[in-house]
Number of protein chains: 2
Amino acid sequence: MTGGSLDFPRPLTTVDVVIFTVKDDALHVLLVQRPAAGDEPFPGAWALPGGFVDIEKDKDLEACAMRKLKDKTGVVSPYLEQLGSWGSAGRDPRGWSATHAYFALLPATTGAGTHAADAQWFPIVAGKVKPRLAFDHGEILEAAVLRLRSKVEYTSLPAYLMPGEFTLPDLQRAYEIVLDRPLEKSAFRTRILAADLIEPVARMRKGPNRPAQLYRLKKAKAPVYFVRTFNPPG
Amino acid sequence: MTGGSLDFPRPLTTVDVVIFTVKDDALHVLLVQRPAAGDEPFPGAWALPGGFVDIEKDKDLEACAMRKLKDKTGVVSPYLEQLGSWGSAGRDPRGWSATHAYFALLPATTGAGTHAADAQWFPIVAGKVKPRLAFDHGEILEAAVLRLRSKVEYTSLPAYLMPGEFTLPDLQRAYEIVLDRPLEKSAFRTRILAADLIEPVARMRKGPNRPAQLYRLKKAKAPVYFVRTFNPPG
DNA sequence: TGAATAGTGTCTTTCAGACAGTATTGG
DNA sequence: CCAATACTGTCTGAAAGACACTATTCA
C-alpha cells in the first residue's frame, strides 16, 4: 500500500447478492430487472440484486449486502455468506469495477419476491437460469450454485431453507433438490439427528398417510459440518 | 444497480495477498514493512503485501494479486486462491476502503523473501504472528490460517508447499505443521497414494537411516478433495 | 549391533449404502 | 384390506485409527 497520493482513478465498487430458496421442487434464485430506459447498461436485462456501495449508508460490505437483501425481500436475518469478488476492466461498460458477491438462503415461506415489484424468482436448471444475465452475473450465479452444492454435501445449510417447523422428509427433499440426486433415507436421518441441529416440537404433520414428526432448528444454531460428504457421485 | 450518475464518492480498492510457506518446522507468512516516513498510515508497521488496484496495469483482481506476489517473491505461478474481501468505513484512515484478499502457497525452496528488501518471513504461532499488523491485516491473516487449516483437512493443498521432489514423510510433516497435530502414518500414506496425486521418481532420499522414496507432483495437478477429513480433533 | 527412520500388515471402529421390514395414517 | 409415506433395523463395505511389525541405512 505504498504510494503517497490518493489522486488516481478508483474502480467502481458494488455488492451483489445471490438469493436462493427452494420451492415447487426446484432451487430458485431471485433476480431483478434492470431499467429499460435511461443510460444504464444492460437495459431490461435480468440481474442479481445489488448495486453500488453507499459510503454514507453502509458501514461495511456485509451491511451493504443486508441492505440490498432487505430492499428486495423484506427479510432481515437470513443465512448470508460471502461468496467471492469479481473485478476486471471489462465487466461493467462504465469502467473498471469490482463486485463483492454474497449468497443468501431463505425459507420459501417468507413472502419474498412479492416484496419488490421488479424482483422475480427463477428456477435453476442445470446450474443456470434461463435468461442471459447482465454483467458477469451468469458467472457469479454459477459459482454460487457450485458453492452451495459443494457445501450442502457436508453441512447443514439446507436447514436455512426450511420454514419454522418442518419434518425430516421435508429437509431431505431440500437436500435432494439442491444436490439433484436422491439420498438414502436412513443414513440421512442418522446423520441429521446425530448433528444435534434440530429438536422435535410437540406436533405432527398430518397427511393422507402416516404423520411425520415436526422439528425446528435449535436456537441460534450455526451450520454443522459433517466429517464425510454424502455418497459422492461417482 | 440503479441510479444513473456515477458522480458519487468511490471506496478505495486494494488487493492483499497472504503468502504462506512451511520452513524450519513452522508455517510462515511473508510480511512487508510499511514506510516510516511520508503521510502513509501505519508507518513502520508490518502488513500483508498488497496495495491499490492499478486500473491501467491490472486487467482483473487475480492479475493484480499475481503482480503483487511477483513483486515481493519473484514467483510467477504459485497456488493462488481467493480468500474473501474486507471493506468498511474505518479499516483505512484514508477513507472507506475494500480489499480483495488472496492466499498463496509457496515451496520454501524458492528464494522468496530475499527477493524484496522490505519483505520478511514470520512464523505463525497459535494462528497469529508476533507483530501487530497494519489495517485489519491481523484479522485477514487469521481468516487465511483458518481457511488453510480447514482445507488441509480434506485436500492435497500441502503438496503446493513442497519442492519439486519430496518424500511421503516430508509431505506428512507439512500436513502436521499446518494442522498442528500428528497424523497417523499408514492412513496418511494410503490416502495420498490412492489420490493419484504424486508419482515416484527414480531416486531415493539418503540419510543416516533407511532411504525414502522421492516423489513429484503429477503434471498440472489440481488439488484433490478427499471425501473425509483427517481424524477430526475432538 | 543399535539407533533412526521408512514402510507394511492387521485388527478394530465408524459410518454410509443397500434394502428389507415395521408403523400409522386415510380411503 | 390397500396405498402411501414415516420410520427402524440389519448386513455389508470402505476407509480411518491404533499399533505392532518388518526393512534399510549409517555409525
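1. Comments concerning the domain arrangement of chain A
Residue and element names in this part refer to chain A.
Inference 1: When its domains are assigned, chain A resolves into domain 1 (12-152) and domain 2 (157-217).
Inference 2: Distance between the C-alpha centres of domain 1 and domain 2: 28 Å.
Inference 3: Taken together, the contacts link 18 residues of domain 1 with eleven residues of domain 2.
Inference 4: Across the interface of domain 1 and domain 2, roughly 1,300 Å² is buried in total on both sides, 78% from carbon and sulfur atoms.
Inference 5: When the buried surface of domain 1 facing domain 2 is broken down by residue, Val 22, Arg 149 and Val 152 rank first, second and third, together holding 43% of it.

2. Quick look at the relation of the copies chain B and chain A
Inference 1: When chain B is fitted onto chain A, the two copies agree to an RMSD of 0.1 Å after a turn of 180° and an axial shift of 0.0 Å. Classification of the inter-copy transformation places it as that of a two-fold axis. For chain B, the smallest separation between a C-alpha atom and the rotation axis is recorded for Arg 228 of chain B, amounting to 2.3 Å.
Inference 2: Interface overlap between copies is the fraction of interface residues in one copy that are interface residues in the other; for chain B against chain A it reaches 100%, indicating a shared surface.

3. A few points about the pattern of salt bridges
Pairing between side chains becomes possible if they bear opposite charge and their charged atoms approach one another.
Inference 1: According to the stated counting rule, one finds 30 salt bridges over all chains in the structure shown.
Inference 2: A salt bridge links Glu 81 of chain B to Lys 151 of chain B, with the nearest nitrogen and oxygen atoms 3.1 Å apart. Of this pair, Glu 81 of chain B sits in strand 5 (residues 79-88) while Lys 151 of chain B is found in helix 2 (residues 137-152), placing the two residues 70 residues apart along the sequence. The burial state of Glu 81 of chain B is the same as that of Lys 151 of chain B; both residues are buried.
Inference 3: For Arg 94 of chain B, the salt bridge is made with Asp 92 of chain B, and the minimal N-O distance between the two is 2.7 Å.
Inference 4: A relative accessible area of 2% places Asp 92 of chain B in the buried class.
Inference 5: Each of the salt bridges in this network shares a partner with another, and the network as a whole consists of Arg 34, Glu 40, Asp 92 and Arg 94 of chain A.

4. Looking at the sheet that holds strand 9 (residues 198-205) of chain B
Inference 1: Sheet architecture is open: three strands sit in the order 8-10-9 (chain B), paired in antiparallel fashion. Strand pairing shows two members of the sheet lacking a second neighbour, strand 8 (166-167) and strand 9 of chain B, which therefore form its edges.

5. Considering the packing of helix 2 of chain B against helix 3 (residues 168-179) of chain B
All names here are of chain B.
Inference 1: Interhelical geometry of helix 2 versus helix 3 gives an angle of 135° and a closest axis separation of 9 Å. Compared by their axis directions, helix 2 and helix 3 come out oblique. At the point where helix 2 passes helix 3, the crossing takes the left-handed sense. Residues Leu 148, Arg 149 and Val 152 of helix 2 touch helix 3, and the partners they reach there are Tyr 175, Val 178 and Leu 179.
Inference 2: Considered class by class, the residues forming the contact of helix 2 with helix 3 number five nonpolar, no polar and one charged.

6. Regarding the sheet that holds strand 8 (residues 166-167) of chain A
Residue and element names in this part refer to chain A.
Inference 1: Strand order across the open sheet formed by three strands is 8-10-9, with antiparallel pairing between neighbours. Edge positions in the sheet fall to strand 8 and strand 9 (198-205), since each of these pairs with one other strand and no more.
Inference 2: Pairing analysis gives five bridges linking strand 9 to strand 10 (residues 212-217), with the strands arranged antiparallel. Bridged to Glu 199 within strand 10 is Arg 216.

7. With respect to the interface of chain B and chain A
Inference 1: Contacts between the two partners involve 45 residues from chain B and, on the opposite side, 45 residues from chain A.
Inference 2: Buried surface at the junction of chain B and chain A, summed over both partners, amounts to about 3,900 Å²; 61% is from carbon and sulfur atoms.
Inference 3: If you look at where chain B meets chain A, you find zero salt bridges.
Inference 4: Viewed at the interface, chain A and chain B are joined by eleven residue pairs in polar contact (both at pLDDT 80 or more).
Inference 5: Put simply, the parts of the chain that give the side of chain B that touches chain A at least two residues each are strand 1 (12-23), strand 4 (50-52), strand 5 and strand 6 (97-105) of chain B.
Inference 6: Residue contributions to the side of chain B that touches chain A peak at six residues, all from strand 5 of chain B.
Inference 7: Classifying every residue of the side of chain B that touches chain A gives 19 nonpolar, 15 polar and eleven charged.

Conventions used here
- Residues numbered from 1 in each chain as written.
- Chains lettered and ligands numbered in written order.
- Predicted model: local features only at pLDDT ≥ 70, side-chain atom pairs only at ≥ 80, totals over all residues.
- Heavy atoms only, no water.
- Domains from an automatic or database assignment.
- Contact = heavy atoms within 4.5 Å.
- Buried area = accessible area lost by both parts, 1.4 Å probe.
- Least-squares fit on C-alpha atoms with pLDDT ≥ 70 in both.
- Salt bridge = Lys/Arg side-chain N within 4 Å of Asp/Glu carboxyl O.
- Helix = DSSP H or I, 4+ residues; strand = E, 2+ residues; numbered from the N terminus.
- Buried < 20%, exposed > 50% of the residue type's maximum accessible area, 1.4 Å probe, protein only.
- Pairing = 2+ DSSP bridges.
- Axes fitted to C-alpha atoms, helices over the stretch in contact; angles between N-to-C directions.
- Parallel < 35°, antiparallel > 145°, perpendicular 65-115°, else oblique.
- Left-handed = near helix turned anticlockwise from the far one by under 90°.
- Nonpolar A, V, L, I, M, F, W, Y, C, P; charged D, E, K, R; others polar.
- Polar contact = N/O pair within 3.5 Å; in protein donor to acceptor, adjacent residues only side chain to side chain.

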